[in-house]
Amino acid sequence: MVSNSRGNHVLVWEQPGLEDQRPKVYKGGLGTRHWVTFMLFLGMANAYVMRTNMSVAIVAMVNHTALPVSHEAMDTECGDVSPNSTKEVLQQDGEFVWSSPLQGYILSSFFYGYVITQIPFGILSKRYGARLFLGVGMLINSVFGLLVPVAAKAGYPWLILVRFIQGLGEGPIVPCSHAMLAKWIPPNERSRMGAAVYAGAQFGTVISMPLSGLLSAYGFAGGWPSIFYVFGLIGTVWCIAFLLFVSEDPEQCPRIKEAEKKYILNSLWGAAGSSSPPIPWKKILMSMPFWAIMLAHMGQNYGYETLMTELPTFMRQVLHFSIKDNGFVSALPYLCMWLFSMFISVVADWMLSSGRFNHTQVRKIINSIGEYGPAIGLFIAANTGCNPSATVAILAVGVGLNGGIYSGFKVNHLDISPRFAGILMAFTNCLANLTGLLAPIIAGYIIDGNPSQAQWRIVFYIAGGVYIFCATFYNLFSSGRRQDWDNPAEDDANAKKAAEKKARKSERKNASYENTAETAQ
């Protein structure tokens, strides 16, 4: 086992000069690390359920016919709505008279809270551990989810506040999951396990959208409120189970087998524990591979949030799907994304283990599929005209290819800096979500009062263009190699330099004090 002087562990085969030393494959079958991965998968699914259920529920919550622009609320370019469909639409009208821009602010309020907690939790998880922050944060998210119906009836400012607090609670999910992956998952399993965890986002979306549609139409407590009661309760149960049955790392886990524990620790070199060296902020900010991940993440979130929050509205206004069918149709692209992400993760790990491709090549190839694919899909879908089947099919394929990002930039943090992966993810996820929260607001203003195909085409073109620009930047500047500023072999030398610098600073301060005292005398 390779370790630094502090007893921390990091990737053996990611050491400078030792990239070809692959860890041995563990022959023990399913183990504790798979249980941790499964629980993180469920946590990610729960997080995205909480994030997406409002986008379906709001269609049933709003009284569309009471809006001042009700005559424009439905696009008629693809034919007038039939009497039966009109009757069904009227029956679906809710009690809240919220304009399209206000709906955009309600949908985005969650993300304002979400982005605020990204960096603090990334730093705190490095210092104190990730498990507790993740579990308690998601518990807050789930409990406040139960309060959404009450808040909505009290007034939209209260609803925005509750969704904002939900976002605060969900903040730890990505940086803390990343930090736990760095501690639990050996590098030769990282594409598969990482993709499995983050595929929970698509699984949650696939479950949330159709089930939310059914609950809106047939649920208890008036329909749409049951969405938040059901998912809030499920989320609370997961949080309790996670806090009880998941440990921070293999060394603190009482249930892990010794053979699996040794396998994990022997695969790592200086893992990101609380005793890791100080964060090299300046070097990180000067690192182009870090900024490549940042741009790729920002582009992904803008395009993804455009579709996730606005697709149900597009399905209703332009393609005239009912609220019940809307959830199923809107979920189809994310089902494709979930399935493709699992498939492509196996391909990515095979490419690495074959020896024909290095980490940099694999990340760029797979990420190109993941971001150019949906961009092309959005461009084509924007021009399919009055063909609902073709539009849905193209979006399903395009968004499905988006699953490549989980074996692309999404795990690239772990490649370039395993010890600081959680913090890197916190920063990229924070700025990415700041970008993403603009998506529903921009779309809301574009389609406000005029949800025509031409206006929706602008929404899709913007999202596709952002995808292409950011994916190209990633291809130019990304890397799959561990960066020099995260080299455990240099920890002692860096610590010595830091101590010497501190001593010199102290000496200068003391000398200045003595000179001041002498002058005063």
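The structure presented is a predicted model; accordingly, all values stated were derived computationally and were not measured.

With that settled, consider empty space enclosed by the protein. Over the atoms, a rolling probe the size of a water molecule traces out where space has been left empty. Scanning all chains against the criterion turns up four cavities of 30 Å³ or more. Taken as a whole, the largest cavity holds about 90 Å³ of empty space. Taken together, 16 residues form the lining of the largest cavity, with Tyr48, Arg51, Asn301, Tyr304 and Lys410 sitting closest to its centre. Secondary-structure elements contributing two or more residues to the lining of the largest cavity are α1 (32-61), α10 (200-218), α14 (288-317) and α19 (421-436). Considering every element that reaches the lining of the largest cavity, the biggest residue donor is α14, with five residues. Of the residues contributing to the lining of the largest cavity, the split by class is seven nonpolar, six polar and three charged. When residues are assigned to domains, the lining of the largest cavity turns out to be shared by domain 1 (32-68 + 96-270) and domain 2 (287-486), each giving three or more.

Moving on, we come to the confidence of the model for the protein chain. Mean pLDDT over the protein chain works out to 79, with 79% of the residues at or above the 70 mark. Model confidence for the protein chain, summarised as mean pLDDT per element, is weakest for helix α2 (residues 83-92) at 46 and strongest for helix α11 (residues 225-245) at 93. Note that pLDDT drops below 50 for residues 1-24; the model gives that stretch 77 contacts with residues more than four away or on any other chain.

What follows is about the packing of aromatic side chains. Enumeration according to the criterion identifies 19 aromatic pairs in this entry. Where Trp456 meets Phe460, the ring centres are 6.2 Å apart and the plane angle is 55°; that geometry is what we call tilted. Of this pair, Trp456 and Phe460 are both found in helix α21 (residues 453-477), four residues apart, which corresponds to roughly one turn of the helix. When its relative accessible area of 3% is taken as the criterion, Phe460 is described as buried. On the numbers, 4.8 Å between centres and 50° between planes, the contact of Phe473 with Phe477 is tilted. Here Phe473 and its partner Phe477 are both found in helix α21, four residues apart, which amounts to about one turn of the helix. The partly exposed category is assigned to Phe477, whose relative accessible area is 35%. Over the face of the ring belonging to Tyr48 we find Arg51, whose NZ or CZ atom lies 4.2 Å from the ring centre. Between Arg51 and the ring centre of Tyr114, over which it is positioned, the NZ or CZ distance is 4.5 Å.

Bringing the pattern of salt bridges into the picture now. Under the defined criterion, the tally for this structure stands at eight salt bridges. Note that Glu248 is salt-bridged to Lys183, the shortest N-O span being 2.5 Å. One end of the pair, Glu248, is in the loop between α11 and α12 (258-266); the other, Lys183, is in helix α8 (residues 173-184), and 65 residues separate them in sequence. Where Asp415 meets Arg363, a salt bridge forms, and the shortest distance between an N and an O atom there is 2.5 Å. One end of the pair, Asp415, is in helix α18 (residues 412-416); the other, Arg363, is in helix α16 (residues 359-381), with 52 residues separating them in the sequence. Considered together, Asp415 and Arg363 belong to a single accessibility category, that of buried residues. Several salt bridges share partner residues, and in doing so they unite Arg51, Glu170 and Glu305 into one network.

Cut-offs and rules
For every chain, the first residue of the written sequence is number 1, and numbering continues from 1 along that sequence. Two thresholds apply to this predicted model, a pLDDT of at least 70 for residue-level local features and 80 or more for giving and counting side-chain atom pairs, whereas whole-chain, interface and lining totals are computed over all residues. Remark: hydrogens and water are excluded; side-chain values derive from all non-hydrogen atoms of the structure. A cavity, in this analysis, means grid points on a 1 Å lattice covering only the protein atoms where a 1.4 Å probe fits yet has no way out; a pocket is instead an open set bounded by protein on both sides within 12 Å along at least five of seven lines, and a residue lines either one if it has an atom within 4 Å of a point. Grid points are joined across faces, edges and corners, and a volume is the space filled by probe spheres set on the points. The numbering of helices and of strands both runs from the N terminus, where a helix is a DSSP run of H or I of at least 4 residues and a strand a run of E of at least 2. Note on residue classes: Ala, Val, Leu, Ile, Met, Phe, Trp, Tyr, Cys and Pro are nonpolar, Asp, Glu, Lys and Arg are charged, and everything else, Gly too, is polar. Residue ranges assigned to the domains are those given by an automatic or database domain assignment. One confidence number per residue, pLDDT, is output by the predictor and ranges from 0 to 100. Contact criterion: two residues are considered in contact whenever any of their non-hydrogen atoms come within 4.5 Å of each other. Note on aromatic pairs: the rings of Phe, Tyr and Trp (six-membered ring only in Trp) are paired at centre separations within 6.5 Å, and the planes decide the class, stacked below 30 degrees, edge-to-face beyond 60, tilted for the rest. To sort residues, take the accessible area from a 1.4 Å probe on protein chains only and compare it with the maximum for the residue type: under 20% means buried, over 50% means exposed, and anything in between is partly exposed. Two conditions define a charge located above a ring, namely a distance within 6 Å from the ring centre to NZ of Lys or CZ of Arg, and an angle within 35 degrees of the ring normal. For salt bridges, the criterion is a side-chain nitrogen of Lys or Arg within 4 Å of an Asp or Glu carboxyl oxygen.

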